[in-house]
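# Analysis of the macromolecular model
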Amino acid sequence: VTGHGFYSGLIVAMAKSCLITQLQIDSSVESVMGAVNRIVNLTGPNWLFMTVCYALLDRRTQTLTYANAGHNAPYHYHRQTNELTFLKPTTFPVGIYDDVSYTAEACTWHPGDMLIFYSDGVVEAENSTGELFEDARLEACIRENIHLPAPDIKQTILERVYEFTQGVPQQDDI
């Protein structure tokens, strides 16, 4: 969400409530993204927008369907090929325009594949000299630890960020 504070927190809470409700009605990527866009657009101030990546996994058809509205591109690890790719952004953040149709993208999903979602606070974490953690360090950490279970990969990423920042207070959530 743009910024921090009252409006940002309120919009996140409303978007989460909208998501939970919409999942009970129609969990398709297009419907969920449209509903979240409407709530952010209608309730937030004009300057507020939110990045969202919503993905659905159908194990039966081995298909991952998603829309990425301006969020940091999640990593998709393909176990069969040992390849690490991105779920590229598919559109602009939610809340900018009131009547938008979101189109889902699809890719193949195999047993053992993994998605790694992260916030901009990870790659924008700064150390005492103002150097950013950046995508290259995150990708290297993922590659070095992709053999671990997902919770351990998450913990390792957080540890690497904290080691890098050496206790410097951060401007964003990690």
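Residues numbered from 1 in each chain as written. Predicted model: local features only at pLDDT ≥ 70, side-chain atom pairs only at ≥ 80, totals over all residues. Heavy atoms only, no water.

Moving on: the pairing of strand E4 (residues 83-86). It is a general feature of regular strands that their side chains alternate between the two faces of the sheet. In the sheet, strand E3 (residues 75-78) pairs with E4 via 4 bridges, with the strands oriented antiparallel. From the neighbouring strand, His-76 faces E4, where its bridge partner is Thr-85. The turn linking E3 back onto E4 is made up of 4 residues, and Asn-82 within it adopts a positive phi angle of 60°. (Pairing = 2+ DSSP bridges. Helix = DSSP H or I, 4+ residues; strand = E, 2+ residues; numbered from the N terminus.)

Within the open sheet, the 3 strands sit side by side as E1-E2-E5. Their pairing is antiparallel. Edge positions in the open sheet fall to strand E1 (52-58) and strand E5 (105-108), since each of these has one partner strand only. Neighbour-to-neighbour, the strand axes of the sheet open up by a mean angle of 25°, direction not taken into account. Relative to strand E2 (residues 63-69), E1 runs antiparallel, the two being bridged by 7 bridges. If you follow Leu-56 over to E2, its bridge partner there is Thr-65. Lying over the sheet, helix H2 (residues 29-43) contacts E1 and E2, oriented at roughly 160° with respect to E1. (Axes fitted to C-alpha atoms, helices over the stretch in contact; angles between N-to-C directions. Contact = heavy atoms within 4.5 Å.)

Reading across the sheet, the 3 strands line up as E4-E3-E6 and stay open at both edges, with antiparallel pairing between neighbours. Where the open sheet ends on each side, the last strands, each with one partner, are E4 and strand E6 (114-116). Neighbour-to-neighbour, the strand axes of this sheet turn through a mean angle of 25°, independent of strand direction. Strand direction decides the pairing type here: E3 and E6, joined by 3 bridges, are antiparallel. Within the sheet, the bridge partner assigned to His-76 lies in E6 and is Leu-115.

Turning to the layout of surface pockets, a few remarks are in order. Roughly 780 Å³ of internal volume is contained in the largest pocket. In this structure, the largest pocket is lined by 27 residues; those nearest its centre are Val-1, Val-12, Met-50, Thr-51 and His-71. At the level of elements, helix H1 (6-25), H2 and E1 are the ones that each hand at least two residues to the lining of the largest pocket. No other element matches the 6 residues that H1 contributes to the lining of the largest pocket. For the lining of the largest pocket, the residue count by class is 12 nonpolar, 11 polar and 4 charged. Considered as a void within the structure, the second largest pocket measures approximately 240 Å³ in volume. (1 Å grid on protein atoms, 1.4 Å probe; cavity = no way out; pocket = protein on both sides within 12 Å on 5 of 7 lines; lining within 4 Å. Points joined across faces, edges and corners; volume = space filled by probe spheres on them. Nonpolar A, V, L, I, M, F, W, Y, C, P; charged D, E, K, R; others polar.)

Spatial relationships are all this shows, so hold off on functional conclusions.
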